[in-house]
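Per-entry structural report
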Amino acid sequence: MDFTSFSNIINGKQCGALKSYHGINPATEEPLWDVPCAAEADLDRAVEAAQGAFHAWSSTTFEDRCDMVKRYAEAFLTYEKEFIELLMKETGKPIDVADREIHSSYEGLIETSERFPWAGVECKSQILMSSLAKFTLPVETLKDDKKTASVRYVPLGIVGAICPWNLGAFAKIAPALVTGNCIIVKPSPYTPYTTLKAVEIGQSIFPPGVLQALGGNEKLGPWMVSHPGIQKISFTGSIPTGKTILEKCAKTMKRVTLELGGNDACIVCGDVDIEKTAPAVVLAAFKNSGQICVASKRIYVHQSIYRPFLEAMASYAQSLKVGDPFNSDTDIGPIQNAMQFTKVKSFLDDCKGQGYRFVAGGGRTGCTKGYFIQPTIIDDPPEDSKIVTEEPFGPIIPVQPWCEDEEVINRSNNTRTGLGACIWSKDIDHADRLARKLEVGNIYINSPLRPDWRVFFSGHKESGIGGERGVQGLLAYCNAQAVHIYG
Ligand code: NAD
């Protein structure tokens, strides 16, 4: 397997294109390898191939499909080192972050294809999963003296997966394939390499047309969204793009899953162990340079410990090493691309211009090349400031004091987004009382957000529609079909 040449994958074959584009290594600003830029005709060919493959693929048993996805996971992991290095080059992720992501991708394929072992999960999932296993067995059945009515789940058809630059495609590939759909994956033009190579590896396992990938320019996503041969768009990315996609999907009545941005609150209660919790909160905010959808983006610290906690956060943030992702002691790599770098700098400039107090960071590092920004903490900016009200998606966070439960809940909920939140407290009952009032899809108590493949992940409010992972994540790739039998 050659990790220096990259192709689109259509109908089981590696394909070039008339035009090409390339990513940029964000740590060096050097261009990476050329990648074919798909034309509209390439998308048509991919859709046609998927339609040709769908009938046979959706007729295979759930067990066979799971088996193939499991083999795919093993084939993917064979190239573990190459994928980690590729991911580091195209995204700027330091080795620990890239390593985790590649292993998490493998785990996602395995968890999904082993039909979710559900270790410790107490719910109806096991019954549902065993019903899903055959895809012909009814999941819900009603019997009366006249008829038997049951609901079963069938695949949707062709799925278009549109991905952002900070995250891979496996959360979409695994559930789409095990439920009997064919999938066409579109990576972000900023980070096409890992996805194209991962799909290429799948060609020795899946029938042609089942798993395909197309890289392209800004026209490709809209073509996929409007294409009448695609039945679902699974999109992860920004809220404005998500809204456009939702609107466009109405024309062909496509199913849509939208995993969008957020402005996650992190509530630190007065009873925490400051020395232990402050570094954990800093990492929850700055891991992968803050370019994680569920990174903590607004930190509320109880006023009884505000100053010492802020100082502990500042001191830990200043100790983080920013630089070359390939240095083993690097904690924080660069911002992934020039567009995002400019955006994050606009938050820094705004904070400086407004005269807010910086307790850590505040500028670029000593590196002469690369999109590096020091982890930055702003001490108690106003509630209506840009840094509190908008998602920077970079290593800059506001920290503010809070006093009463009701007040911190109102402030946390005072946003149109609702992706996630963290609460840190020794008193779990108190943390849970706070959690119940938060308008978000994912709450973590005494932990940074780390989505679990077995548990549904979704956003409330403008952070999305539908979700991924867990049983509900699988059902998002199915149509329900009710059958009423009389006599
Ligand atoms: P983006 O919306 O700019 O782009 C995402 C993808 O959509 C890219 O592949 C892009 O080429 C494509 N695209 C752009 N315009 C399109 C259009 N009109 N029609 C169809 N496709 C189009 O987002 P981004 O900058 O790549 O990603 C960062 C954002 O993603 C952040 O806001 C982050 O919070 C969010 N995100 C959310 C999650 C989640 O699970 N909720 C996960 C990761 C990232």
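Every value quoted in this text rests on a predicted model; they were computed, and no experiment measured them. (Residues numbered from 1 in each chain as written. Predicted model: local features only at pLDDT ≥ 70, side-chain atom pairs only at ≥ 80, totals over all residues. Heavy atoms only, no water.)

Remarks on the sheet that holds strand β24 (residues 478-486)
Our working definition: A pair of strands is considered paired only if DSSP assigns at least 2 bridges between the two. Strands here mean DSSP runs of E at least two residues long; helices mean DSSP runs of H or I at least four residues long; both are numbered from the N terminus. Only C-alpha atoms enter the line fits that serve as axes; for helices the fit covers just the stretch in contact. Angles between N-to-C directions range over 0 to 180 degrees.
Strand order in this open sheet of three strands is β5-β6-β24, and the pairing throughout is antiparallel. Looking at which strands have only one partner, the edges of the open sheet turn out to be β5 (140-143) and β24. With strand direction ignored, the average angle separating the axes of adjacent strands in the sheet is 20 degrees. Bridge analysis of β5 against strand β6 (residues 147-155) gives four bridges, and the strand direction is antiparallel. Following the sheet pairing, Glu 140 is matched in β6 by Val 151.

A few points about the packing of helix α2 (residues 62-78) against helix α4 (residues 95-113)
As a reminder, the rule being used: The scheme is simple: roughly parallel for angles under 35 degrees, roughly antiparallel for over 145, roughly perpendicular for 65 to 115, oblique for anything else. Here a crossing is taken to be left-handed if its near helix is turned anticlockwise relative to the far helix by less than a right angle, and right-handed if that turn runs clockwise. Throughout, a residue-residue contact means that at least one pair of heavy atoms, one from each residue, lies within 4.5 Å. In this classification, Asp, Glu, Lys and Arg are treated as charged, Ala, Val, Leu, Ile, Met, Phe, Trp, Tyr, Cys and Pro as nonpolar, and every other residue, Gly included, as polar.
Contact geometry for α2 and α4: axes closest at 8 Å, N-to-C directions at 165 degrees. The angle between α2 and α4 falls in the class roughly antiparallel. Judged by the sense of rotation from one axis to the other, the crossing of α2 with α4 is left-handed. Across from Cys 66, Val 69, Lys 70, Tyr 72, Ala 73, Glu 74, Phe 76 and Leu 77 in α2, the residues of α4 making contact are Ile 102, His 103, Ser 105, Tyr 106, Leu 109, Ile 110, Thr 112 and Ser 113. Along the lines of polarity and charge, the residues of the contact of α2 with α4 split into 10 nonpolar, four polar and two charged.

Concerning the site of the ligand
Under the convention used in this document: For this description, a residue counts as near a given molecule or strand if any of its non-hydrogen atoms is within 4 Å of it. What qualifies as a polar contact is a pair of N or O atoms within 3.5 Å, subject to a donor-acceptor requirement within protein and to the restriction that residues adjacent in sequence count only when both atoms come from side chains. Using a 1.4 Å probe, accessible areas were evaluated by the Shrake-Rupley method; residue-level cover was limited to the displayed protein chains. Residue ranges for the domains originate in an automatic or database domain assignment.
Taken together, 27 residues sit near the ligand, with Cys 163, Ser 238, Thr 241, Leu 260 and Glu 391 positioned nearest. Cys 163 places a polar main-chain atom, nitrogen or oxygen, 2.6 Å from an oxygen atom of the ligand. One nitrogen or oxygen atom from the side chain of Ser 238 is found 2.7 Å from an oxygen atom belonging to the ligand. Relative to its unbound accessible surface of 850 Å², the ligand loses 86% to contact with the protein. Looking at the shell around the ligand, the elements that each hand over two or more residues are α8 (220-226), β10 (232-236) and α9 (239-249). With three residues, α8 is the single largest residue contributor to the shell around the ligand. For the shell around the ligand, a count of residues per class yields 16 nonpolar, eight polar and three charged. The residue makeup of the shell around the ligand includes at least three contributed by each of domain 1 (8-260 + 464-486) and domain 2 (265-451).

Examining the sheet that holds strand β14 (residues 357-360)
Strand order in the open sheet formed by seven strands is β14-β15-β16-β13-β12-β18-β19, with mixed pairing between adjacent strands. Edge positions in the sheet fall to β14 and β19 (442-445), since each of these pairs with one other strand and no more. Going across the sheet, the axis of each strand differs from the next one's by a mean of 25 degrees, ignoring polarity. With three bridges connecting them, β14 and strand β15 (residues 376-379) associate as antiparallel partners. What sits directly across from Ala 360, in β15, is Ile 377. Sheet contacts for helix α15 (residues 428-436): β12 (265-268), β18 (420-424) and β19; angle to β19, the most-contacted strand, approximately 165 degrees.

Limitation: the analysis is restricted to geometry and does not speak to function.
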